[in-house]
Amino acid sequence: MIRTLFVLLVLLVLAAAATSVIPHLKMRTELDGAGLEYARRGLEDTGSINLVTAVIVAYRGLDTLGEVVVLFSAATSVMLILSLFPLGRGPTDPSFIVAHTARVLPAPIMLLAVYFTTHSHLSPGGGFPGGTIMASAFLLVMLGSSSTPAGSKILPALEALSGTTFGLLGLWGTMTLGQFLNNRVIGIGNPGYLVSAGIIPLVSLAIGVKVASEFSGIFAAFRKSGGNR
Amino acid sequence: MSAPAVAGHVLMILGGMILFTSGLGVLRMPDVWNRLHAGTKATTLGSMLFLAGAGCLRPGWIPKLLLIIFFILLTNPVSGHALARAVHILREERPDNLLRDDLENRNEEDEGGGK
Amino acid sequence: MNPSLASALAVFLGGMMLAASVVVLFVRDLLSAIIITGMISLSASVLFLLMDATDVAITEASIGAVLATLIFLWGKGKMGGRE
């Protein structure tokens, strides 16, 4: 009861603070500052039609590297905890219907994921959503079989490989042009083509594979953990 | 209003009503089996009718809508089946008027739904 | 989309997210809390779509609404009855 009242009090204070800000909010219809600069120069700087990917991978590539590191440490700790404390029940054999659906569905899901990952400089998408969709295809394959798929053994190697690729692509820029993750170490080509926009497609492919292998590793750890029912 | 527009609106309203009924069923049905029935079958039909109505109104969207309908048809019944099976494994409650239970004599070895 | 319709939808979704985030504090059942959190993520993804931020909407839908909810649910299942 006291806890509920306390929570309500905190909520009321937060609501009051939030409402006091509302009159100062301005509806802006035009870009300014860094956003205007990105919108003006983004296409000729990076050759990426999708400006969001240009900002995420090229202008703010270092932040993305930080995000990937955060995700890596989170996934590693989840796998560590699950291997130290085996909890819950082990896997169940899938039924006939689930097993057969899980044989059909991963292919189109994987196609969508690969499209999102490799075309991120042309259309909406990018490494993070592409990687998570790849991981959900892996999850479906795993739910459709009675054991952990044999391919899950190469997940750590895949993760290390893609992380190293990201780092090396960044260092390439440092060595040739004196700037980490410089996009112009290879030419930006014709905007609108699949092979264009410098290293943006390569970096988002690395991000996608890394995210996919991390989430797949988490799922495989969940699946393997337990069994002492 | 032309004929496809009328058909599209009628289909969309029908689909919306069926979706509403399914939500009401999930809230009001007495036990988990009835709720599953409302949440799976009715949402499949409702969303299919709704998407068909959208296809009548915007003919250019038809390929994408067909793709969505195909995936709904593929995934929604399967998820309902998996849910029902998980409930059968995890809980002991059965309806009073149950006449036949095909999952009853399942091998005890594969019990335990660690999904 | 019709701009007034879009802003009405945005206000509705925002109100629903606010209400859900208050409700999730007082819900006793962990399963309901997880599902409400997933619903908030899904509404956020539709809101991003209304603001023409397609990339963010895709990311939010795949990570927030699907994978996070799934990992929470799986973790709850691993914990068994202990909440």
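Preceding this paragraph is the structure being described.
Conventions adopted
Residues numbered from 1 in each chain as written. Chains lettered and ligands numbered in written order. Predicted model: local features only at pLDDT ≥ 70, side-chain atom pairs only at ≥ 80, totals over all residues. Heavy atoms only, no water. Contact = heavy atoms within 4.5 Å. Buried area = accessible area lost by both parts, 1.4 Å probe. Polar contact = N/O pair within 3.5 Å; in protein donor to acceptor, adjacent residues only side chain to side chain. Helix = DSSP H or I, 4+ residues; strand = E, 2+ residues; numbered from the N terminus. Axes fitted to C-alpha atoms, helices over the stretch in contact; angles between N-to-C directions. Parallel < 35°, antiparallel > 145°, perpendicular 65-115°, else oblique. Left-handed = near helix turned anticlockwise from the far one by under 90°. Nonpolar A, V, L, I, M, F, W, Y, C, P; charged D, E, K, R; others polar. Salt bridge = Lys/Arg side-chain N within 4 Å of Asp/Glu carboxyl O. Buried < 20%, exposed > 50% of the residue type's maximum accessible area, 1.4 Å probe, protein only. Expected span 1.5 Å × (residues − 1). Bend = angle between axes of the 7 residues up to and from the residue. Patch = residues over 30% accessible without salt bridge, like charges linked within 9 Å, V, L, I, M, F, W, Y side chains within 5 Å. Areas by Shrake-Rupley, 256 points an atom, 1.4 Å probe, with all protein chains shown as cover.

## Quick look at the interface of chain C and chain A
Here comes step 1: Counting residues at the interface gives 17 residues for chain C and 26 residues for chain A.
Here comes step 2: Both faces combined, the contact of chain C with chain A buries some 1,900 Å², and carbon together with sulfur accounts for 79% of it.
Here comes step 3: Taken as a group, C:Asp55, C:Trp74 and C:Lys78 account for 36% of the area that chain C buries against chain A, more than any other trio of residues on that side.
Here comes step 4: Taken together, the connections running from chain C to chain A amount to 3 residue pairs in polar contact (both at pLDDT 80 or more).
Here comes step 5: Elements supplying a minimum of two residues to the side of chain C that touches chain A: helix H1 (3–26) and helix H3 (54–79) of chain C.
Here comes step 6: Among the elements that make up the side of chain C that touches chain A, the one with the highest residue count is H3(C) (12 residues).

## Details of the packing of helix H4 (residues 61–84) of chain A against helix H9 (residues 200–224) of chain A
All names here are of chain A.
Here comes step 1: Interhelical geometry of H4 versus H9 gives an angle of 15 degrees and a closest axis separation of 9 Å. It follows that H4 is roughly parallel to H9 by the angle criterion. Seen from above, H4 lies across H9 with left-handed handedness. For the pair H4 and H9, the contacting residues are Thr 64, Val 68, Leu 71, Phe 72, Ala 75, Val 78, Met 79 and Leu 82 in the first and Ile 207, Lys 210, Val 211, Glu 214, Phe 215, Gly 217, Ile 218, Ala 221 and Phe 222 in the second.
Here comes step 2: Classifying every residue of the contact of H4 with H9 gives 13 nonpolar, 2 polar and 2 charged.

## Remarks on the pattern of salt bridges
Pairing of side chains with opposite charge becomes possible as their charged atoms draw close.
Residue and element names in this part refer to chain A.
Here comes step 1: Summed over the entire model, instances satisfying the criterion amount to 2 salt bridges over all chains.
Here comes step 2: Taking the shortest distance from any N to any O, the salt bridge between Glu 37 and Arg 41 comes out at 3.4 Å. Placement of both Glu 37 and Arg 41 in helix H2 (residues 33–46) is noted, with a separation of 4 residues, approximately one turn of the helix.
Here comes step 3: Arg 41 gets classed as partly exposed once you look at its relative accessible area, which sits at 38%.
Here comes step 4: Between Glu 214 and Lys 210 there is a salt bridge whose closest N-O contact spans 3.4 Å. Of this pair, Glu 214 and Lys 210 both sit in helix H9, separated by 4 residues, roughly a single helical turn.

## Observations concerning helix H2 (residues 32–57) of chain B
Within an α-helix, residues lying three or four positions from one another point in the same direction, as the helix has 3.6 residues per turn.
Here comes step 1: Between its terminal C-alpha atoms H2(B) stretches 37 Å, which fits the 38 Å expected from 26 residues at 1.5 Å a residue.
Here comes step 2: When the local axis directions of H2(B) are compared, the greatest deviation, roughly 30 degrees, occurs at B:Thr43.

## Here's the deal with a nonpolar patch on the surface
Here comes step 1: A surface patch of nonpolar side chains, about 700 Å² in accessible area, is lined by A:Met1, A:Ile2, A:Leu5, A:Leu8, C:Val22, C:Leu25 and C:Phe26.
Here comes step 2: Those elements that place two or more of their residues in the nonpolar patch are helix H1 (2–21) of chain A together with H1 of chain C.
Here comes step 3: Mapping A:Leu5 onto the fold places it in helix H1.

## A short note on unusual backbone geometry
For residues besides glycine, phi is generally negative; the peptide bonds are generally trans as well.
Residue and element names in this part refer to chain C.
Here comes step 1: Even without glycine at this site, Asp 52 takes up a positive phi of about 65 degrees.
Here comes step 2: For Asp 52, the location among the structural elements is in the loop between helix H2 (30–50) and H3.
Here comes step 3: Given a relative accessible area of 66%, Asp 52 falls into the exposed group.

## Quick word on the environment of B:Gly53
Here comes step 1: Secondary-structure assignment places B:Gly53 in helix H2.
Here comes step 2: Spatially, the C-alpha atom of B:Gly53 lies 17 Å from that of B:Phe71, the residues being 18 residues apart in sequence.

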